[in-house]
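Observations on chain architecture
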Amino acid sequence: MSTSRGSASRQRPQKYQNRTAFKNDLHDTSQKTKIINSLDITGVCKRCKDIIEWKIKYKKYKPLSAPRKCVNCEQKAIKHAYHMFCSKCSSEKQVCAKCCKPVESNDEKEDEPQNPAVQTMLKSLPERKRRTILRYINKQESGKISMAHLETMISELDKLGLDDDLDDFLSDDPPSSDNEDEN
Ligand SMILES: [Zn+2]
Ligand SMILES: [Zn+2]
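Per chain, residue numbering runs from 1 following the sequence as it is written. All chains are assigned letters beginning at A, and all ligands numbers beginning at 1, according to the order in which they are written. Two thresholds apply to this predicted model, a pLDDT of at least 70 for residue-level local features and 80 or more for giving and counting side-chain atom pairs, whereas whole-chain, interface and lining totals are computed over all residues. Neither water nor hydrogens contribute to the side-chain values; these are computed over all heavy atoms in the structure.

1. Regarding the packing of aromatic side chains
- The rule is short: rings of Phe, Tyr and Trp, with Trp giving its six-membered ring, pair when the centres are within 6.5 Å, and they are stacked under 30 degrees, edge-to-face over 60, tilted in between. Applying the stated criterion across every chain yields a total of 2 aromatic pairs.
- Measuring from ring centre to ring centre gives 5.4 Å for Tyr61 and Tyr82, while their planes differ by 65°; the resulting arrangement is edge-to-face. Residue Tyr61 is located in the loop between helix 2 (46–57) and helix 3 (87–93), and its partner Tyr82 is located in the loop between helix 2 and helix 3; the two are separated by 21 residues in the primary sequence.
- Residue classification places Tyr61 among the buried residues on the basis of a relative accessible area of 8%.
- A relative accessible area of 22% places Tyr82 in the partly exposed class. In DSSP terms, a helix is any run of H or I states spanning at least four residues, a strand is any run of E spanning at least two, and both are numbered starting from the N terminus. Exposure classes here rest on a 1.4 Å probe applied to the protein chains alone. A residue is buried below 20% of its type maximum, exposed above 50%, and partly exposed in between.

2. So, the coordination of the zinc ion (ligand 2)
- Surrounding the zinc ion (ligand 2) are the protein donor atoms Cys45 (SG), Cys48 (SG), Cys96 (SG) and Cys99 (SG), which sit 2.2 to 2.3 Å from the metal.
- The donor set comprises N, O and S atoms within 2.8 Å of the metal, extended to 3.2 Å for Na, K and Ca; water molecules are omitted, so apparent gaps in a site may simply reflect that omission. Site shape is set this way: if four donors have all angles between 85 and 135 degrees, tetrahedral; if opposite donors are over 155 degrees apart and all others between 65 and 115, square planar for four donors and octahedral for six; otherwise irregular. Coordination at the zinc ion (ligand 2) is tetrahedral: its 4 donor atoms span angles of 104 to 114° at the metal.
- If you list the donors of the zinc ion (ligand 2) from N- to C-terminus, the spacing comes out as C-x2-C-x47-C-x2-C. Taken together, the residues span a long stretch of sequence, with Cys48 in helix 2 and Cys99 in the loop between helix 3 and helix 4 (116–124) at a distance of 51 residues.
- Residue classification places Cys48 among the buried residues on the basis of a relative accessible area of 0%.
- Among the residues examined, Cys99 registers a relative accessible area of 28% and is labelled partly exposed.

3. Here we look at the coordination of the zinc ion (ligand 1)
- Around the zinc ion (ligand 1), the protein contributes the donor atoms Cys70 (SG), Cys73 (SG), Cys86 (SG) and Cys89 (SG), at 2.2 to 2.3 Å from the metal centre.
- One can describe the site at the zinc ion (ligand 1) as tetrahedral: its 4 donor atoms subtend angles covering 100 to 117° at the metal.
- Written as a sequence motif, the donor arrangement for the zinc ion (ligand 1) is C-x2-C-x12-C-x2-C. Here Cys70 is found in the loop between helix 2 and helix 3, whereas its partner Cys89 is found in helix 3, with 19 residues between them in sequence.

4. A closer look at the confidence of the model for the protein chain
- Residues of the protein chain with pLDDT of at least 70 account for 71%, and the chain-wide mean is 79.
- Note on residues 106–111: pLDDT under 50 across the span, and 0 contacts to partners over four residues away in sequence or across chains. A residue's pLDDT is the confidence the predictor assigns to it, expressed on a 0 to 100 scale. Contact criterion: two residues are considered in contact whenever any of their non-hydrogen atoms come within 4.5 Å of each other.

5. Some thoughts on helix 4
- Buried within helix 4 are the following residues: Val118, Gln119 and Leu122. For helix 4, the buried positions fall inside an angular range of 105° around the axis, keeping them on one side. Relative to its buried face, helix 4 has exposed residues pointing more than 90 degrees away, namely Pro116, Thr120 and Ser124.
- Close packing links the buried residues of helix 4 with helix 5 (127–139) and helix 6 (147–160). When we speak of the arc, we mean the arc of directions from the helix axis to the C-beta atoms.

6. Quick word on unusual backbone geometry
- The residue Tyr82 is not glycine, and still its phi comes out positive at about 75°.
- A positive phi angle, close to 65°, is found at Cys100, a residue other than glycine.
- Mapped onto the secondary structure, Cys100 falls in the loop between helix 3 and helix 4.

Now the structure itself:
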């Protein structure tokens, strides 16, 4: 008869526990690993950057032993492993050097999709009203609002007055009924 009490709640801590995050240079202090770890991944899209960084982290990254031929200009100008385009071609064509897909430049991101009249109107509004309307616009699938719609909203908000809870007015959810508790 077994006397062991298989307990579900073990008090003893786990014997082998990772105390630190995985480090690829813990047991490998070679110059090669150092150089690879210090590589700056540029000229690629976010997705490819993640892939390459993953390869570096888990030591799957294999640097090029010799420059590789660019698929575009056919020069042996690629110095980075996994790249298909040389850095000159990828920056000229605005494509990711690895997957060759167009890279959208972050600084030209269309952040203000409204038409200019709506923009001007919004800017002229008092802070609180503007924020309420912007929040409403952001909830819309298109992320836009027409001038007519905006004017209606402004007049509705004016009727309500700024002291009213504008969020309730604009909320898609039915108003909460806190004082009607069910027993
Ligand atoms: Zn090239
Ligand atoms: Zn890519």
